[in-house]
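# Notes for the structure review
Residue-level listing of the chains:
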Amino acid sequence: MTAVVLVDDHAMMRAGIRSILEHEETITVVGEANDGREAIELTARVVPDVVLIDVGMPGLNGIEATRKILAEDPKVSVIALSMHSDERYLHGMLEAGARGYLLKTCGARELILAIETVQRGQIYITSELTHLLVDRRYPRAGQVQHGGSRLSEELTPREREVLQLIAEGQTSKQISIRLGTAMKTIESHRTNLIQKLDLHSIADLTKYALREGLIQLSD
């Protein structure tokens, strides 16, 4: 029996996925979470085989949550669920350790197939996005192959967390409470972000986070 945890900040989406999975005799849903931090705590507690996780969530997005989940238990197979076909999200999730990537428009059969595939130790990427992997690995003549994101290369995991929360409009005090960290430490992170990224205002940080896919206008 494959134990699955569902992570999405939309309750209706979780309900729809649960309804699909409950019809499968070999799959059981062992828990649900509505944000990245709750997903980390839940996964550590119930130890599922598979985590189906939304990429774009407030507070802690699916990419950062996946990194933390797999740091705690590398045996968990993470499958991303997203409305976005942008390669930033696909490569971000794969670099974080996810073994699957599905669009939320996928059908029930593909969802089950993805779960079965990662359980066999393989990677499942929806066919609609496989061209992004081919283009990245084998660029066509004259096509520039870009390196990894500046975000993943230059910032620490904590700095990425703080950047997301700043970009979502939270104050240093709110962030310090949320992360259980001294406000002076948050201010230090804020200063480091501005210096590392060569940006000069909160508006610039927000635009950067949006451009990098760390936050989204909508999902």
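An account of the accompanying structure is given in this report. All values reported here derive from a predicted model rather than from experimental measurement.

About the thresholds
- Residues numbered from 1 in each chain as written.
- Predicted model: local features only at pLDDT ≥ 70, side-chain atom pairs only at ≥ 80, totals over all residues.
- Heavy atoms only, no water.
- Helix = DSSP H or I, 4+ residues; strand = E, 2+ residues; numbered from the N terminus.
- Buried < 20%, exposed > 50% of the residue type's maximum accessible area, 1.4 Å probe, protein only.
- Pairing = 2+ DSSP bridges.

### Quick word on unusual backbone geometry
One non-glycine residue, Val 47, adopts positive backbone phi at about 50°. Residue position: Val 47 is located in the loop between helix 2 (36-46) and strand 3 (50-54). Residue Asp 198 is not a glycine yet carries a positive backbone phi of 55°. Among the structural elements, Asp 198 can be located in the loop between helix 10 (183-197) and helix 11 (202-211).

### Topic: the pairing of strand 1 (residues 2-7)
Most of strand 1 is tucked away: six of the six residues are buried. Residue alternation in strand 1 divides its side chains into two sets, Thr 2, Val 4 and Leu 6 and Ala 3, Val 5 and Val 7, and both sets are buried. With six bridges joining them, strand 1 and strand 2 (residues 27-33) adopt parallel strand pairing. By the bridge assignment, Val 7 is partnered in strand 2 with Ala 33. Here strand 1 pairs with strand 3 via four bridges, running parallel. Directly across from Val 4, in strand 3, lies its bridge partner Val 50.

### Here's the deal with helix 8 (residues 157-167)
Extensive coverage of helix 8 is indicated by the burial of nine of its 11 residues. Listing the buried residues of helix 8 in full gives Glu 159, Arg 160, Glu 161, Val 162, Leu 163, Gln 164, Leu 165, Ile 166 and Ala 167. Phi turns positive, to about 95°, at Gly 169, one or two residues after helix 8.

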